[in-house]
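Residue strings, one per chain:
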Amino acid sequence: MKQFMLITNIFKDPALRLSRRIVSYIEDRGGRAGICVSNVEQTAEKDFELSDIPEDTECILVLGGDGTLIRAATRVESLHIPLIGVNMGTLGYLCELEESTVFSAIDALMKDQYMLEERIMLSGRPGNGDGEHLALNDVVIHWAGDLSMLQLQVYVNGEFLTTYHADGIIVATPTGSTGYSMSAGGPIVDPKARMLLLTPINAHDLNSQSIVLGVQDVVEIEVGSRSFQRDEIVSVSFDGDTIWHLKAGERVRIVQASARIQICKLSNQSFLEILRKKMQR
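Report follows, based on the coordinates. Values in this document were obtained by computation on a predicted structure and should not be read as measured data.

Scoring rules and cut-offs
Residues numbered from 1 in each chain as written. Predicted model: local features only at pLDDT ≥ 70, side-chain atom pairs only at ≥ 80, totals over all residues. Heavy atoms only, no water. Helix = DSSP H or I, 4+ residues; strand = E, 2+ residues; numbered from the N terminus. Buried < 20%, exposed > 50% of the residue type's maximum accessible area, 1.4 Å probe, protein only. Lys, Arg positive; Asp, Glu negative; His and termini not counted. Salt bridge = Lys/Arg side-chain N within 4 Å of Asp/Glu carboxyl O. Contact = heavy atoms within 4.5 Å. Phe/Tyr/Trp six-rings, centres within 6.5 Å; stacked < 30°, edge-to-face > 60°. Lys NZ or Arg CZ within 6 Å of the ring centre and 35° of its normal. Pairing = 2+ DSSP bridges.

**Quick look at the side chain of Glu-77**
Within the secondary structure, Glu-77 sits in the loop between helix H2 (66–76) and strand E4 (83–87). Arg-260 is the oppositely charged side chain nearest to the buried, salt-bridge-free Glu-77, at an N-O distance of 9.3 Å. Those residues in contact with Glu-77 that sit more than four places away from it in its chain are Met-121, Leu-134, Ala-259 and Ile-261.

**Considerations on the side chain of Thr-175**
Among the structural elements, Thr-175 can be located in the loop between strand E11 (168–172) and helix H4 (180–183). Judged by its relative accessible area of 3%, Thr-175 is buried. If near-sequence neighbours (up to four positions away) are discounted, Thr-175 is found in contact with Leu-94, Arg-119, Leu-136, Asn-137 and Pro-191.

**Side note on H2**
Most of H2 is tucked away: eight of the eleven residues are buried. Asp-66, Thr-68, Leu-69, Ile-70, Ala-72, Ala-73, Thr-74 and Val-76 are the residues of H2 that are buried.

**Section: the environment of Leu-196**
Mapped onto the fold, Leu-196 is located in strand E12 (residues 195–201). Residue Leu-196 is classed as buried on the basis of its relative accessible area of 0%. Distance from Leu-196 to Val-255, taken between C-alpha atoms, is 8.7 Å for residues 59 residues apart in sequence. Dropping the residues within four chain positions of it, Leu-196 is found in contact with Ile-120, Leu-122, Ala-172, Ile-211, Val-212, Leu-213, Gly-214, Val-215, Asp-217 and Val-219.

**Points about the packing of aromatic side chains**
Tallied over the full model, the rule gives three aromatic pairs. Ring geometry for Tyr-155 and Phe-160: centres 5.5 Å apart, planes at 70 degrees, overall edge-to-face. In this structure, Arg-251 packs its charged tip against the face of Tyr-155, placed 4.0 Å from the ring centre.

**A short note on the pairing of E12**
Within E12, six of the seven residues are buried, which leaves it mostly tucked inside the rest of the structure. Of the pairings in the sheet, the one linking E11 to E12 comprises five bridges and is antiparallel in character. Bridged to Ile-170 within E12 is Thr-199. Pairing of E12 with strand E13 (residues 211–214), which is carried by four bridges, proceeds in the antiparallel orientation.

**Observations regarding the environment of Val-154**
Mapped onto the elements of the fold, Val-154 is located in strand E9 (residues 150–156). Sequence-distant contacts of Val-154, defined by excluding residues within four places in its chain, comprise Glu-159, Phe-160, Leu-161, Thr-162, Tyr-164, Ile-169, Leu-198, Val-219, Glu-220 and Ile-221.

Set out below in structure tokens:
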């Protein structure tokens, strides 16, 4: 690899101190690199466009944390460029690199000493089929107003499965199993696995558990009405960003996306070893 781009969370590297050091390091070794700035809502910076990333880019370095990597991945998925994350936050499961290891990692990348790991994504559509959105981590159906219990009916491949009385439901990929799904009591899964994870949020039924589904399954979640309150509004969030709102009687359809994300891996550490080290922090 010789052609790189950086996507930098401006709040994690506010003066682009590390980003500029990385660009200089790559260029001093005969490569090419540029910087795209993300998460600029409260700054005078302009968020990057896909057209800012040259077509011959071979790898995207994402500086920030897991959230920055997730948002970058779903935004650039159509470019089919591998990504690798540089963690500048606290606990991170997706970002392999730290500031202390990024320069030795660049040396390895430029010598083509890396592996590619493919991750699945989710595709969601409202019941009327109008629009589609992608998620690398999870799709979350949750209350849009004050805290209140929801009645959410789950269908798998057109067949009724169960009704959750809960604060919401998380449909997660294996990559997202160490995110919100884990905090809600869902299982931790190797990110290379091929499955969907369905986990209720603060379920009000003692027997409500996470459900593991096949990667080809079609999940539909319908908002039920409580006490004929048909004015209830439920939010549908993709990787933490609210995209749609549903009313009672409406559905969201969630399936495995046709697109994939490729993550560059430099270490031969197993997922279990990485997980053990993260949990010891």
